[in-house]
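The chain contents come next:
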Amino acid sequence: MERWERVGRFAGYGAALALSPYLLIKVAWVVGSLLGLVPIGEGFSLAGWVLLNTVTIGMAGIGIALALALVRPWGMRIPGFLVAFCAWTGAGFLVSILPYALLSTVLDAGRGTAADSGGDDPSMPGWEGALIQFSFIGMGLGLALAVPAYLRRRWPEAFARQVGDGTPTVPTRAASVAAGIVGLVWAYWAAGGTLGITRPAERDINWYLLTSVGALWALAGAAASWTLAWKSPAWVPHRLLLALGWLGSGSLFAWSGWKLPLTLFVAVADPADVKLPENPAVAPVLHLAAVVAGVGMVRTLVRPRTGAQPDTHARVDPG
């Protein structure tokens with residue numbers, strides 16, 4: 001077994017193990033709240049609290065199953081698009097939330113608020129918050145190593161392609177341009193720009209951090225996707241471009257796919273307790289463009305070379 005394969009295998013098991021505390025904590029919250037042994041979260045009814053945490057239990061279970069599918073032989077028998085889609089969207093969420101969590105922790109510590117943020121919520125003791133952060137970080141790092149190893153094992157022809165190998169298409173160019181435009185708009189907002197912002201006072205540090213991280217991945221993914229399609233200097237590392245394109249497109253699709261229905265709901269219903277900084281007409285357009293761009297970019301990454309044979313007999317490692 002080559003070194004890259006060993007690293008991916010250990011990372012997959014590590015990701016599944018890291019997410020287990022999160023799953024157990026969520027199960028304890030649901031069971032404890034139903035039995036009246038633990039308090040429910042502030043602002044939630046019992047039914048809402050149980051429903052929310054039941055959904056996250058299911059998501060954690062899917063995450064653990066995904067991590068194991070990346071390293072176990074049965075994972076090679078699952079339809080490839082299903083594993084790839086789950087890994088793509090999961091990596092897209094995590095690659096944005098992990099830098100955000102790290103930066104927000106550093107900023108809170110600098111303001112002297114870190115110690116106070118965990119103890120005010122009776123449903124989230126400090127040790128539980130630390131375990132949940134560990135679960136997310138471990139899952140993110142594990143997937144970052146296990147996913148490329150799985151993809152390389154199942155679709156080796158994608159890693160054999162060279163930069164500029166193939167003919168650029170109109171959808172390829174359009175997806176890269178759309179991602180670049182979305183990234184530039186978000187970068188402009190993160191820098192303090194107000195064009196397209198109707199409620200500047202609603203922008204807090206969390207909004208700035210998430211917008212900045214989203215802009216970074218959108219621009220990185222757009223540049224990687226464009227470079228992969230066109231001729232480029234030989235010194236550009238092919239695997240780096242694949243990674244940036246994969247993570248950038250996943251971040252665009254995952255986050256905007258989640259935010260698009262939220263912004264549409266706020267724009268139509270105009271709830272009194274939810275006010276978004278962005279213009280209600282501009283934000284949905286940007287998120288829709290980000291979703292479409294993310295799909296277009298990942299299609300560029302997985303499109304086989306001309307004359308390449310489809311993966312009909314994927315190699316299965318019996319280990």
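All values reported here derive from a predicted model rather than from experimental measurement.

Focus: the overall build of the chain
Of the regular secondary structure elements, the chain holds 10 helices and zero strands. Across the chain, helices and strands are ordered from the amino to the carboxyl terminus as α-α-α-α-α-α-α-α-α-α. Expressed as a percentage of the 319 residues in the chain, the buried residues total 42%. For the chain, restricting intrachain contacts to residue pairs at least 6 apart in sequence, the fraction spanning at least 24 positions comes to 81%. With an accessible surface of roughly 16,600 Å², the chain has 71% of that area assigned to carbon and sulfur atoms.

Focus: the confidence of the model for the chain
Model confidence for the chain is summarised by a mean pLDDT of 80, while 80% of its residues fall at 70 or above. Counting interchain partners and residues more than four positions distant, the pLDDT-below-50 stretch residues 113-122 has eight contacts. Note that residues 305-319 has pLDDT below 50 and, in this model, 19 contacts with residues that lie over four places away or in other chains.

Looking at the side chain of R203
Inspection of the secondary structure assignment puts R203 in the loop between α7 (170-190) and α8 (205-229). Of the side chains bearing the opposite charge, E278 lies closest to the buried R203, which forms no salt bridge; the N-O distance is 8.8 Å. Polar contacts involving the side chain of R203 include one to the side chain of Y208, which spans 3.3 Å. When residues no more than four places from it in sequence are discounted, the contact partners of R203 are W189, G192, G193, T194, I197, Y208 and P277.

Here's the deal with helix α9 (residues 238-269)
The end-to-end C-alpha separation of α9 is 46 Å, in line with the 46 Å expected for 32 residues at 1.5 Å each. If you look at α9, its biggest bend is around 30 degrees, right at S256. Looking one or two places after α9, you find D270, whose phi comes out positive at around 50 degrees.

Re a nonpolar patch on the surface
Judged by side-chain polarity, V27, V31, L34, L35, L37, V38 and L46 come together as a nonpolar surface patch covering roughly 620 Å² of accessible area. Relative to the assigned elements, L35 resides in helix α1 (residues 3-35). Residue class for L35 comes out exposed when judged on its relative accessible area of 59%.

Focus: the side chain of R153
Within the secondary structure, R153 is located in helix α5 (residues 126-154). We classify R153 as buried; its relative accessible area is 7%. Side-chain polar atoms of R153 contact the backbone oxygen of L70, separated by 2.7 Å.

Details of the pattern of salt bridges
Tallying each qualifying case throughout the model produces one salt bridge. The partner of D270 in a salt bridge is K275, with the nearest N and O atoms 3.0 Å apart.

What to know about helix α2 (residues 46-69)
For α2, with 24 residues, the first-to-last C-alpha span of 34 Å sits near the 34 Å given by 1.5 Å per residue. Listed as buried for α2 are W49, V50, N53, T56, A60, G63, I64, L66, A67 and A69.

Looking at the environment of L276
Tracing the backbone shows L276 in the loop between α9 and α10 (282-302). Beyond its immediate chain neighbours, meaning those up to four positions away, L276 contacts T198, R199, T263 and V266.

Topic: the packing of α8 against α9
As a packed pair, α8 and α9 sit with axes 7 Å apart at the nearest point and diverge in direction by 130 degrees. Considering the angle they form, α8 stands oblique to α9. As for how α8 packs across α9, the hand of that crossing is left-handed. Two secondary-structure elements touch here, α8 through W217, A218, A220, G221, A224, T227 and L228 and α9 through H238, L241, L242, L244, G245, L247, G248, S251 and L252. Residues belonging to the contact of α8 with α9 are distributed by class as follows: 10 nonpolar, six polar and no charged.

Here is what the cut-offs are and how they apply
- Residues numbered from 1 in each chain as written.
- Predicted model: local features only at pLDDT ≥ 70, side-chain atom pairs only at ≥ 80, totals over all residues.
- Heavy atoms only, no water.
- Helix = DSSP H or I, 4+ residues; strand = E, 2+ residues; numbered from the N terminus.
- Buried < 20%, exposed > 50% of the residue type's maximum accessible area, 1.4 Å probe, protein only.
- Contact = heavy atoms within 4.5 Å.
- Areas by Shrake-Rupley, 256 points an atom, 1.4 Å probe, with all protein chains shown as cover.
- pLDDT = per-residue confidence, 0-100.
- Lys, Arg positive; Asp, Glu negative; His and termini not counted.
- Salt bridge = Lys/Arg side-chain N within 4 Å of Asp/Glu carboxyl O.
- Polar contact = N/O pair within 3.5 Å; in protein donor to acceptor, adjacent residues only side chain to side chain.
- Expected span 1.5 Å × (residues − 1).
- Bend = angle between axes of the 7 residues up to and from the residue.
- Patch = residues over 30% accessible without salt bridge, like charges linked within 9 Å, V, L, I, M, F, W, Y side chains within 5 Å.
- Axes fitted to C-alpha atoms, helices over the stretch in contact; angles between N-to-C directions.
- Parallel < 35°, antiparallel > 145°, perpendicular 65-115°, else oblique.
- Left-handed = near helix turned anticlockwise from the far one by under 90°.
- Nonpolar A, V, L, I, M, F, W, Y, C, P; charged D, E, K, R; others polar.

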